[in-house]
Amino acid sequence: QVQLVESGGGLVQAGGSLRLSCAASGSTFSSHAMGWFRQAPGKEREFVAGITWSGGNTYYTDSVKGRFTISRDNAKNTVYLQMNSLKHEDTAVYYCAATRNYPQFEYWGQGTLVTVSE
């Protein structure tokens, strides 16, 4: 079992930046691939970014490439999502997820709201 707690969401103006954090506990964090997903109002949850257990490979949905960066610190059991040049359409609840069976994510956090004002 892995427990995930996100933080760092909030209100930001378009063009601004936020860094989301996801603290993990319970099982061996470093053996899990991690991901960030988001769900905007009235839309389905979508994949945003993923990172392998070692951090050696990262993956992004096209709409955030060049603006968002996923990283992890296995010593701190934490994964991050640095979000730059934010757009109004990035407004969503952002979820952290973990898995040992990528791309099927098994564990989910409760989400953190990111609101980007125009």
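Residues numbered from 1 in each chain as written. Predicted model: local features only at pLDDT ≥ 70, side-chain atom pairs only at ≥ 80, totals over all residues. Heavy atoms only, no water.

**Considering unusual backbone geometry**
P103 follows Y102 through a cis peptide bond whose omega is 10°. One non-glycine residue with positive phi stands out, namely N77, at about 55°. Secondary-structure assignment places N77 in the loop between β7 (68-73) and β8 (78-83). The phi torsion at S85 lies on the positive side, around 50°, for a residue other than glycine. One can find S85 in the loop between β8 and β9 (92-99). In this structure S85 comes out as partly exposed when scored by relative accessible area, which is 41%. (Helix = DSSP H or I, 4+ residues; strand = E, 2+ residues; numbered from the N terminus. Buried < 20%, exposed > 50% of the residue type's maximum accessible area, 1.4 Å probe, protein only.)

**A look at the pattern of salt bridges**
Tallying each qualifying case throughout the model produces 4 salt bridges. Its salt-bridge partner being R38, residue D90 comes within 2.9 Å of it at the nearest N-O pair. Of this pair, D90 sits in the loop between β8 and β9 while R38 sits in strand β4 (residues 33-39), and the two are 52 residues apart along the sequence. Grouping residues by exposure puts D90 and R38 together as buried. By sharing partners, the salt bridges in this structure join R38, E46, R67 and D90 into a single network. (Salt bridge = Lys/Arg side-chain N within 4 Å of Asp/Glu carboxyl O.)

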